[in-house]
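Close look at the chain arrangement
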Amino acid sequence: MNGPRDYFFDNAKYLLMMLVVLGHGLEIVSGKYSNEIYRFIYLFHMPCFVAIAGYFAKFHKRAKVWNLLLQYVIFQTLYCLFSIFVLDQNTKVQYSRPYWILWFLLSLFCWKVILPYVSRLKYPLLFAIVAALIVGYDSSIGYTLGLSRTIVFFPFFLAGYYLKKEHFNKIKELSFVIPLAIILVSVMALYFKSDFHRGLLYNSRSYSAMGLNPYFAWLYRLAFLLWGALLGLSFFYFVPKGKVFFSAFGARTMQVFLLHGFMMRYLGHIKISKMLNAPSLKILFYIGLLVAANILALRIVEILTTPLMKPIKTINLIKDSLRCRHNQR
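In this report, the structure presented in the accompanying data block is examined.

Here is what the cut-offs are and how they apply
Residues numbered from 1 in each chain as written. Predicted model: local features only at pLDDT ≥ 70, side-chain atom pairs only at ≥ 80, totals over all residues. Heavy atoms only, no water. Helix = DSSP H or I, 4+ residues; strand = E, 2+ residues; numbered from the N terminus. Expected span 1.5 Å × (residues − 1). Bend = angle between axes of the 7 residues up to and from the residue. Buried < 20%, exposed > 50% of the residue type's maximum accessible area, 1.4 Å probe, protein only. Axes fitted to C-alpha atoms, helices over the stretch in contact; angles between N-to-C directions. Left-handed = near helix turned anticlockwise from the far one by under 90°. Contact = heavy atoms within 4.5 Å. Nonpolar A, V, L, I, M, F, W, Y, C, P; charged D, E, K, R; others polar. Lys, Arg positive; Asp, Glu negative; His and termini not counted. Salt bridge = Lys/Arg side-chain N within 4 Å of Asp/Glu carboxyl O. Disulfide = S-S within 2.5 Å. Core = buried A, V, L, I, M, F, W, Y, C linked by side-chain atoms within 4.5 Å. Polar contact = N/O pair within 3.5 Å; in protein donor to acceptor, adjacent residues only side chain to side chain.

**Thoughts on helix H4 (residues 103–118)**
Look at H4: 21 Å from first C-alpha to last across 16 residues, which is about the 22 Å you get at 1.5 Å a residue. Taken as a whole, H4 carries its principal kink of about 25 degrees at Lys-112; the proline Pro-116 stands between one and four residues after it. Considered for burial, the residues of H4 that qualify are Trp-103, Phe-104, Leu-105, Leu-106, Ser-107, Leu-108, Phe-109, Trp-111, Lys-112, Leu-115 and Val-118.

**Here we look at the packing of helix H1 (residues 7–28) against helix H2 (residues 34–56)**
At a closest axis distance of 9 Å, the pairing of H1 and H2 adopts a crossing angle of 145 degrees. In this structure, H1 crosses over H2, and the sense of that crossing is left-handed. Between H1 and H2, the contacting residues are Phe-9, Ala-12, Lys-13, Leu-16, Met-17, Leu-19, Val-20, Leu-22, Gly-23, His-24, Leu-26 and Glu-27 on the first element and Ser-34, Ile-37, Tyr-38, Ile-41, Tyr-42, Phe-44, His-45, Cys-48, Phe-49, Ile-52, Tyr-55 and Phe-56 on the second. Per-class residue counts for the contact of H1 with H2 are 18 nonpolar, four polar and two charged.

**Points about the side chain of Arg-252**
Examined against the element boundaries, Arg-252 turns out to sit in the loop between helix H11 (247–250) and helix H12 (253–269). With no salt bridge to any partner, buried Arg-252 finds its closest opposite charge in Glu-302, at an N-O distance of 4.1 Å. In contact with Arg-252, other than residues within four places in its own chain, are Ala-297, Leu-298, Arg-299 and Glu-302.

**Brief notes about the state of the cysteines**
Cysteine pairs can be covalently joined through their sulfur atoms, and such a bond is termed a disulfide. Following the criterion strictly, the structure yields zero disulfides and no others. Among the cysteines around Cys-80, which has no disulfide bond, Cys-110 carries the closest sulfur, lying 18 Å off.

**Focus: the nonpolar core**
Formed by 95 residues in total, the largest nonpolar core has its most connected members in Leu-102, Trp-111, Phe-157 and Phe-236. With 13 residues, the single largest contributor to this core is H2. When neighbours within four sequence positions are excluded, Leu-102 is seen to be in contact with Tyr-72, Phe-75, Gln-76, Tyr-79 and Leu-258.

**Here's the deal with H1**
An ideal rise of 1.5 Å per residue puts 32 Å on 22 residues; H1 measures up with 32 Å between its terminal C-alpha atoms. N-cap assignment for H1: the residue whose side-chain oxygen lies 3.1 Å from the backbone N of Phe-8 is Asp-6.

**Here's the deal with unusual backbone geometry**
With phi around 50 degrees, Trp-100 is a residue other than glycine that occupies positive phi space. Tracing the chain through its elements places Trp-100 in the loop between helix H3 (62–85) and H4. Despite not being glycine, Leu-145 has its phi angle at roughly 55 degrees, a positive value. Turning to its location among the elements, Leu-145 is positioned in the loop between helix H5 (124–134) and helix H6 (147–162). The class of Leu-145 is partly exposed, set by a relative accessible area of 37%.

Read these as spatial facts, not as claims about activity.
If you want it as structure tokens, here you go:
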């Protein structure tokens, strides 16, 4: 993507990444209204992330697609080893079932690979939505290769791909009442009815696995897809357009995403929730998580983790170095 950097997307990615960390923190340490806050976050934060990924898929290079696959192999190996030797869990090093958050890497790889083919269809977005609704009836598709999430979240990726910057500008031109009303209605709905199956947010399980009525299950999924889209629209409305104090961190959200999981898994392993009984301690815990996430977004962390985050670039640098040494002989 050429031209000056668009801070709007950096700001959006930063805020979404903070919500990811906060959401995972709520899984470990819960408190009053944590269930409602958690579900509110999960209604839109991944749809928005996926849509942004789709938007930038217009500008990706082929090497970046294969970089995702190498990233997946590297971090899948690291997380499995971490689970075995640090968390002392009975885990095998395997690559057919993404470890926790790593489904996103594998899904992102798949989306970019199939995008040229799906985009040739007459109604690609309609096709993606229908596929997302139908896949829930196949109980054989679940966590394996992250296929369920890949298919169900694909409409958001495709929507992002077809969106242009002017569409996001149009969102900013909406009346303040519209996004505010969407958020308030969502908050009220979650306050009075937040006991729905979390699988409707994760999109990783079949309808039967969630115990949903087979006749209406597809309507539930469609409703949650639409709900996520509306909340996503509201989120983008409130994202700052220009450069702000956290914009630079928004350019390095992938390293935060992939690295913070080690911290979250360890905190869950030591059962830190038992140490935080007072509400004030829980608030300090969440603040600490956000501070840690910002540390992971520092430039120095990007430099130190380059071999992990950009394996193809690292391989090419090594090849160039060896070629130069060979030519100097």
